[in-house]
Amino acid sequence: MKDFNLEKRKYILAGAMVSIVLLYVLRLFSLQILSDDYKKNAESNAFLNQIQYPSRGVIYDRNGNLLVYNQPSYDIMVIMREVHDLDTLDFCNSLGIDKEFFISRMKIIKNRNMNPGYSQYTQQLFMDQLSVEESSVFQEKLHNYSGFYLQKRSIRQYATHHAAHVLGDVAEVSKGDMEEDDYYKSGDYIGKLGVERSYEKELRGEKGVQVLLRDAHGLIKGHYMDGQYDKMPVPGKNLTLTLDMELQALGERLMEGKIGSIVAIEPETGEILCMVSAPNYDPSLMVGRKRGKNHLLLSKDEWKPLLNRSIMGQYPPGSTFKTSQALTFLQEGVITPETAYPCYHGFVFRGLRVGCHGHASPLSLVPAIATSCNGYFCWGLYNMLGARQKYGNVQTAMTTWKDYMVSMGFGYKLGVDLPGEKRGMIPNAQFYDKAYKNDWSGLTVISISIGQGEVTLTPLQIANLGATIANRGTFITPHVVKSIEGQELDSLYTTPRRTLVDRQYYDVVVRGMRSAVQGGTCKAANVSWAEICGKTGTAQNRGHDHSVFMGFAPMNNPKIAIAVYVENGGFGATYGVPIGTLMMEQYLNGKLSAASEAQANSFQQRRISYGSGSR
Amino acid sequence: MVVDRDSSLLKSIDWFTILLYILLLAGGWISVCGASYDFGAIDLLSFDSRSGKQLLWIACSCGLGFVLLMLEERLYETLTNVVYVAMMVLLIVTIVIAPDTKGSHSWLILGPVSLQPAEFAKFATALCVARYMNSYGFNIQRWKNFATAVGLVVLPMFLIIAQRETGSALVYTSFFLMFYREGMPGSILFSGISAVLYFVIGLRYQNDFFLHDSTPIGRFCVLLMILVFSVGMIKNYCNNSKLFWQLLGFGLGATVLAVMFAQWSIPFDITFIQLGIVVIVIGSLCYWGLRERMQHYFFIALFAFVSLGFHYSTDYVMSNVMEPHQRTRINVLLGIEEDLAGAGYNVNQSKIAIGSGGIWGKGFLNGTQTKLKYVPEQDTDFIFCTVGEEEGFVGASTVLFLFLTLILRLLVLAERQPTKFGRVYGYSVLSIFFFHVFINVGMVLGLTPVIGIPLPFFSYGGSSLWGFTILLFIFLRIDAERGKLK
């Protein structure tokens, strides 16, 4: 007897079984093929990527003196599971910490919200960046503290107290750094300022990795695939800076108690010989565990010592700017070297008056530069911007003028290999159209011809102007790194750039600057050991005038171009010229004469009283 | 004669099943190697290692299979009762004398060998039930006969529960698939499945609310299921489509109105309305039962009533009947608790291990998750992880299809049995295999509760391997005799 109703049930059962197996296959498909999460999860589960930190490149000055190197430091690590019978008091004493710190630190480590990677089986960071001295007592007693380990890291050490702004510093990466570049992982170090930042990629090297297999208890079971995926760390490249540390040190000495900047450039190469920004600080303040506290202090200082004024300070260049005007007018044919303009204690025209000091009148270009005649350059700009036949309108004339300025490296970042460079300000026609609602003329903007008004430059741009004149019309983008170990310098720092002005006109301006030293505003620079060319500036501002000097030496075959900017220092001749001269002497002669040494000491002592206002 | 018998035996044995058996054994051994292999220890054949031992168990079971094929088929039928009784006694003895291993008392330790009698009770039970159901005059429709058959199954089940091996005990529920094939009313199976659905859905969503946080989703769904199932039965069993449409329209309409009212007017717990609807359905079923004098209405009313009772007592069952670790397992499986370091750890890690396998897997002995002991019980209950991780989607689905082929092949064999004895036994065997695969793989994939039962031929261990081998080869021996009795 066969019950066909029951016969059917075998199909129901078989159907149910087939569907369940198909359901499982679908589930396998979604787990294994559709979803990537489980794969990633598995890797973080089983692989421990032990990072091998490379040594960071060291930094030398141009003469091969070591400036920045690495020193071993220790991180104290703890494996919670292995901690037992700890004499807390003794432990705290040997580290110089108090019990509260110990308790709170242990609490933070165990808190998975604050320490997401916590496992009682793996090493956790208890304290970081202890110097050898700080950790020496602890190291001796380490065997008493089961579960605690010392892990070697390295921190930056400075063999110099100078050039903090150029050298910069390193610190732990921020969240932003990690988002920008996924090379960085929490706890890594990164250059924060100076060349440490701009040459971060060269200095840091490449991290290595050991892919270790870790079981569910966090115990290491050996290298994955016998180390096939391991990578050795690549050490960072060493840098040689263009800085001459003796010159830098003298500059910093001379600028003590003042606010301002000194930038010296080797004209032929664009190498920055010194870059002083005052006030400054000792770079070794920014090392290790004290960095945080010191950084905060410095950032709160109202003199803003963290600011690198050489490239971030945007100042009116004052009369040093007149050289650039002379070059422009000559090239554009507005004047010839023989053209003379009158100056009756200034530029007086249609009710406008730009004052000037007493000197012969009328006068031609060379004496105008030597005496820094305001009238002469006002007339020059007035005539250029007013040359309707040549330019059609004032806007075109202004645009032409602006192009000259830009070709000399103004108005845009020069491209120095340091972070945070500012571009300064060179106004253009659109700027004035907007500011004066299209109703303006040469007279409206006349003060830009003497480096006042809307024009601002960074001290680096002023120094570069000096280097350009020294080179008679070309410059190489100024830079602070002379060579990178095993790597070519960026072509930007080896390729000359030409301005729009011909060499012959530069010769005229050089004569003017030489004459300023011989019998003009820079008489203090008239020394026996070199033919210095210079130009002072006395930049007006709301407070006391800024003292500026721009110059180079020797006149033929120049070796150094320099800009000195002393805020509220008064006349250019007061601070700028003597400081600039001392710097040139140091660099060209390798030392200061006894008289100069005395003068340097007196400048070191001199203080300018600055108000308490924020700057 | 002997030669004759042997040659006819060789011809009548189902070699296809034996091929599947060998393939599964081979796959199983490879997986045990992968799961127990530790870095450094390369000697897979050493008897000190799990893989070496497993090879020994495999050799033993092949010998065992051969012996079972050589024995007279009649022997199985005659010895059935003796074997069943002996096994039950052994199970009782085990409860008393077995030492405590991880909370269970199911292992008999005889010198160097440990045996788990529960694994061998399966074939004894299957044989005994098959023989009983083969007896003259047995009719599954008869209440007493059916109860006796169920009793034969439930006895070892309780004994194994007493050994604290709930998982192994649950395997015996697979006999109901066989009962179903043999004519047990489908409504019993349907009720069982309904109960599982009420339980799972009711618990999973008991703390999720909708309609402005007024109504628990779990209860809403369960009551809706009770309504639909009950009303659906009216159409199926009572042939009263007018009443079916009336009650369905009324029930769903009232539910929709209540949902709309709670959603846009005054939020309130509409499960009370649903409860009212089900009560009205029960009432009208009783009315029609009295009017038409038809038992079916009362049975459906009873179904709805018991369903309500079951659902409303689930909380009680969970907190008073279940053991804490089972409660946690169920909660984790249902996604109520998310304790990745605790009970959810196993399932999560096994999903990670399988998921990391990709299409082709990481290759033999190259799995990292299973080997680094992230997956618990990696070579026993969670062995399928190793398959998934090392052999990937392709390997894991191949294994699943091998099992499916084996089960379907057994189904074909069972259906061709000339005796009820052979068919019942065959269905018991395939149901047991199916249940093991269903629960074990489902657990590893995170689809069924974590119930610790082995994957046939794959999980490490002699007892389970021999248990499955005995189950299978006795059936093959019975099958080989099919021609003689025609």
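Above this text sits the structure in question.
Described in the following lines is the structure provided in the data block. Since the model is a prediction, treat every value here as computed from it, not as a measurement. Sequence order sets the numbering: in each chain, residues are counted from 1 along the sequence as written. Numbering of ligands from 1 and lettering of chains from A proceed in the order in which they are written. A pLDDT threshold of at least 70 governs which residues receive local features in this predicted model, and a stricter bar of 80 or more applies before side-chain atom pairs are shown or counted, although totals over entire chains, interfaces and linings include all residues.

### As for the overall build of chain B
Quick note on the threshold: In DSSP terms, a helix is any run of H or I states spanning at least four residues, a strand is any run of E spanning at least two, and both are numbered starting from the N terminus. Here exposure depends only on C-beta density: within 10 Å of a residue's C-beta, 20 or more other C-beta atoms make it buried, 12 or fewer make it exposed, and intermediate numbers make it partly exposed, the C-beta atoms being placed from the backbone. Contacts are defined on C-beta atoms placed from the backbone: any two residues whose C-beta positions lie within 7 Å are in contact.
Of the regular secondary structure elements, chain B holds 18 helices and four strands. Classification of the 486 residues of chain B by burial places 44% in the buried group. Restricting to contacts in chain B with at least 6 residues of sequence separation, those with at least 24 account for 66%.

### Considering the overall build of chain A
For chain A, the count of helices and strands is 22 helices and 20 strands. Across the 615 residues that make up chain A, the buried fraction comes to 42%. Long-range pairs, those at least 24 residues apart, make up 71% of the contacts in chain A with a sequence separation of at least 6.

### Focus on the sheet that holds strand S18 (residues 533-539) of chain A
Residue and element names in this part refer to chain A. Short version of the rule: When DSSP locates at least two bridges between a pair of strands, those strands are taken to pair. Axis lines are fitted through C-alpha atoms, for helices just across the contact stretch, and the angle between N-to-C directions can take any value from 0 to 180 degrees.
Spatially, S12-S11-S20-S19-S18 is the arrangement adopted by the five strands of the open sheet, whose pairing is antiparallel. Sheet topology places strand S12 (271-278) and S18 at the edges, where each strand pairs with a single neighbour. The mean angle between the axes of side-by-side strands here comes to 5°, regardless of whether they run parallel or antiparallel. Both S18 and strand S19 (residues 546-553) contribute to a ladder of seven bridges, which runs antiparallel. Within S19, the position partnered with Gly 534 by the bridge is Gly 551. Lying on the sheet, helix H19 (residues 459-470) is in contact with strand S11 (260-266), S19 and strand S20 (560-566); it crosses S20 at an angle near 150°. Sitting on the sheet, helix H20 (residues 503-519) is in contact with S18 and S19, with an inclination near 75° to S18.

### Structural notes on the pairing of S19 of chain A
Regular strands have side chains that alternate between both faces of the sheet. Residues and elements named next belong to chain A. Counting buried residues in S19 gives eight out of eight residues, a clear majority hidden from the surface. Where burial is concerned, the two faces of S19 agree: the one with His 546, Val 548, Met 550 and Phe 552 and the one with Ser 547, Phe 549, Gly 551 and Ala 553 are both buried. Taken together, S18 and the strand that follows it, S19, pair antiparallel across an intervening segment of six residues. Bridge analysis of S19 against S20 gives seven bridges, and the strand direction is antiparallel. Across the sheet, residue Ala 553 finds its bridge partner in S20, namely Ile 560.

### Focus on the nonpolar core
How we decide: Under the definition applied here, buried Ala, Val, Leu, Ile, Met, Phe, Trp, Tyr and Cys residues are grouped into a nonpolar core through C-beta atoms within 7 Å.
Grouped together as the largest cluster of nonpolar side chains are 127 residues, with contacts concentrated most on Ile 262, Ala 264, Ala 463, Val 480, Ile 562 and Met 583 of chain A. Considering each element in turn, this core owes the most residues, eight residues, to helix H15 (residues 374-385) of chain A. Look past the residues within four positions of Ala 264 of chain A in its chain and what remains in contact with it is Leu 247, Leu 273, Cys 274, Ala 463, Ile 560, Ala 561, Ile 562, Met 583 and Tyr 587 of chain A. Judged by nonpolar contacts, the second largest core, of 102 residues, contains Met 17 of chain A together with Leu 25, Tyr 84 and Ala 126 of chain B.

### Focus: the packing of helix H5 (residues 117-134) of chain B against helix H6 (residues 143-162) of chain B
All names here are of chain B. Applicable threshold: Roughly parallel covers angles under 35 degrees, roughly antiparallel covers those over 145, roughly perpendicular covers 65 to 115, and oblique covers all other angles.
Two elements in contact, H5 and H6, have axes whose closest approach is 9 Å; the angle formed by their N-to-C orientations is 170°. By the angle between their axes, H5 is roughly antiparallel relative to H6. Contacts between H5 and H6 involve Ala 118, Ala 121, Thr 125, Cys 128, Val 129, Tyr 132 and Met 133 on the former and, on the latter, Thr 148, Ala 149, Leu 152, Val 153, Pro 156 and Ile 160.

### Notes on the packing of helix H21 (residues 576-589) of chain A against helix H22 (residues 594-605) of chain A
Geometrically, a packed helix pair is captured by the angle between its two axes and the distance between the axes. All names here are of chain A. Threshold: A clockwise turn of the near helix away from the far one marks a right-handed crossing, whereas an anticlockwise turn of less than a right angle marks a left-handed crossing. Three classes are used, and their members are as follows: Ala, Val, Leu, Ile, Met, Phe, Trp, Tyr, Cys and Pro are nonpolar, Asp, Glu, Lys and Arg are charged, and the others, Gly among them, are polar.
Packing of H21 against H22 brings their axes to within 11 Å, and their N-to-C directions diverge by 135°. With respect to H22, the axis of H21 lies oblique. For the pair H21 and H22, the crossing hand works out as left-handed. Seen from H21, the contacting residues are Pro 578, Ile 579, Leu 582 and Glu 585; seen from H22, they are Ser 596, Gln 599, Ala 600 and Phe 603. Along the lines of polarity and charge, the residues of the contact of H21 with H22 split into five nonpolar, two polar and one charged.

### Brief notes about the environment of Glu 200 of chain A
Residue and element names in this part refer to chain A. Considering the arrangement of structural elements, one finds Glu 200 in helix H9 (residues 200-204). A sequence separation of 144 residues divides Glu 200 from Arg 56, and the C-alpha atoms of the two residues are 9.3 Å apart. Leave out the neighbours within four places in its chain, and Glu 200 touches Ile 190 and Gly 191.

### Details of unusual backbone geometry
Going from Ala 278 of chain A to Pro 279 of chain A, the amide bond is cis rather than trans, its omega being 0°. With respect to the secondary-structure elements, Pro 279 of chain A resides in the loop between S12 and helix H11 (291-300). Even without glycine at this site, Asn 438 of chain A takes up a positive phi of about 65°. Considering the arrangement of structural elements, one finds Asn 438 of chain A in the loop between helix H18 (429-435) and H19. Phi at Arg 293 of chain B is positive, roughly 50°, even though this residue is not glycine. Take Arg 293 of chain B: it is sitting in the loop between helix H12 (271-292) and helix H13 (295-321).

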